[in-house]
Amino acid sequence: MSKIAIIIPARYASTRFPAKPLAPLRGASGQVKTLLERSVEAGRAAVRDMGVQAALYVATDDSRIATEAARIGAEVIMTSESCRNGTERVAEAVQNAGLDAEIIVNLQGDAPLTPPHFVTALVQAMRDDPDCGIATPILRCDTDAVQNFIADRAAGRVGATTVVANRLGHALYFSKEVIPFTNGRGVVDGVVPVFHHVGLYAYRRAALYAYMGWDVGPLEALEGLEQLRFLENGHPVRVVEVSAPGAVFWELNNPSDTPLIEGYLAKMGWD
C-alpha cells in the first residue's frame, strides 16, 4: 500500500487576505471555526474516506498559524518565509521532515468545502498510473458557477481558476480568466464547457524536487498560478474529473467570499 502524506500549506502574509488561515467561518449550527481548522477537518475526512493509513501535516512559516494548528491537534512542519507558493512550501516540508511518502497530497488551506472523494479520486489516479508525477482534480461547472466566475472578473476580483485539457487527460492551460471563451454563455451546445480547477494536487517526490529546480516562468508570474511552472517546463499535469452531486465547491480567495462559503456550510449542514 502506498505511503500517503497530506500537507496543508498555510501562510499568514497573504496580499489579498492577510491572516486568511485564521479567518473565522460560521457553520450551520452557528459554531465558529477558523479556516485552518475547517481545512484540517477536510483533510481528516479525506483520510477516513481513503480507508488507508495517511499522515496529515500543516506546513507554515508563521508561529501564529503553528499555534492554531497545535490547538486543533494537527502536526506542524515549519518552513521558511521564502516559499513563494503552496507547492514550494509542500516540497520544503517534505525535505525538512524527511518524509518518505510515495504520494504527497497538497490540500490547499483555502478550500474547506473540498469533498473527501476528491482526494480519494486523485490518489487512486496516481496509483493507477505509476508514471504520473502530478495530478489535480477538475470539476465541470454548473451555470451558476460560470456566472459567478464571470461576475468576479467583471468586478475586477481574482476569483476561481479554470482549466482546459486535451483528450489525453492532460492540462493545456490554467487561468484566472474564464476559459474557454464562451461569450458570456453558461451553456454551449447543451453542455457547460467550463471546468473549475480544484485547488488540490498529488505529487510524487521526484516531481516536487524537479519543481524546486525550475525558475518562475512568465506565465506563472502573470497568472499567479503555481501549477503553470510544470507546464512551462514541459511536465504533463494529469487532470482528474470529479463530481460533487448535491455539494458545492468554492475557495476563500477574498474576504468577500466569506458569506458565500458560510452560506454553503449552512446549506450542507456542516457545523
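All of these numbers come straight from a predicted model, not from anything done at the bench.

Description of the pairing of strand β7 (residues 134-140)
Counting buried residues along β7, six of its seven residues qualify, which places the element largely inside the surrounding structure. Inspection of the sheet shows β7 paired to strand β11 (residues 200-203) by two bridges, in the antiparallel sense. Its bridge partner lying in β11, A135 is registered against A202. Bridge count between β7 and strand β12 (residues 238-242): five bridges; the pairing is parallel. Of the residues in β12, the one forming a bridge with T136 is V239. Where β7 meets strand β10 (residues 195-197), three bridges bridge the pair, whose relative direction is antiparallel. Each bridged residue has a counterpart across the sheet, and for R140 the counterpart in β10 is F195.

Here we look at the side chain of T114
Residue position: T114 is located in the loop between β6 (103-107) and α4 (116-128). Taking relative accessible area as the criterion, T114 reaches 4% and is therefore assigned buried. Among the polar contacts listed, one links the side chain of T114 to the backbone oxygen of A111, at a separation of 2.7 Å.

Observations regarding the packing of helix α1 (residues 35-50) against α4
It is at 8 Å that the axes of α1 and α4 come closest, and there the two elements cross at 55°. The angle between the axes of α1 and α4 places the two elements in the oblique class. In the packing of α1 onto α4, the handedness of the crossing is right-handed. Contacts from A45, A46, D49 and M50 in α1 reach P116, H117, V119, T120 and V123 in α4. Here the residues of the contact of α1 with α4 sort into six nonpolar, two polar and one charged.

Examining the packing of aromatic side chains
Scanning all chains against the criterion turns up five aromatic pairs. Ring geometry for Y203 and F230: centres 6.4 Å apart, planes at 25°, overall stacked. Separated by 27 residues along the polypeptide, Y203 in strand β11 and F230 in helix α8 (residues 228-232) bring together distant segments of the chain. On the basis of relative accessibility, which here comes to 0%, the residue Y203 falls in the buried class. When the ring of Y211 is compared with that of F230, the centres are 4.9 Å apart and the planes differ by 40°; the resulting orientation is tilted. Linking Y211 in helix α6 (residues 205-212) with F230 in helix α8, this pair joins segments that are 19 residues apart in sequence. Residue F230 is classed as buried on the basis of its relative accessible area, which comes to 0%.

With respect to the packing of helix α3 (residues 86-97) against α6
Contact pair α3 / α6: the axes reach a minimum separation of 10 Å and the direction vectors enclose 115°. By crossing handedness, the relation of α3 to α6 is classed as left-handed. Residues T87, E88, V90, A91, V94 and Q95 of α3 lie in contact with α6, whose contacting residues are R205, L208, Y209, Y211 and M212. Split by residue class, the contact of α3 with α6 holds seven nonpolar, two polar and two charged.

Reading the values: rules and limits
Residues numbered from 1 in each chain as written. Predicted model: local features only at pLDDT ≥ 70, side-chain atom pairs only at ≥ 80, totals over all residues. Heavy atoms only, no water. Buried < 20%, exposed > 50% of the residue type's maximum accessible area, 1.4 Å probe, protein only. Helix = DSSP H or I, 4+ residues; strand = E, 2+ residues; numbered from the N terminus. Pairing = 2+ DSSP bridges. Polar contact = N/O pair within 3.5 Å; in protein donor to acceptor, adjacent residues only side chain to side chain. Axes fitted to C-alpha atoms, helices over the stretch in contact; angles between N-to-C directions. Parallel < 35°, antiparallel > 145°, perpendicular 65-115°, else oblique. Left-handed = near helix turned anticlockwise from the far one by under 90°. Contact = heavy atoms within 4.5 Å. Nonpolar A, V, L, I, M, F, W, Y, C, P; charged D, E, K, R; others polar. Phe/Tyr/Trp six-rings, centres within 6.5 Å; stacked < 30°, edge-to-face > 60°.

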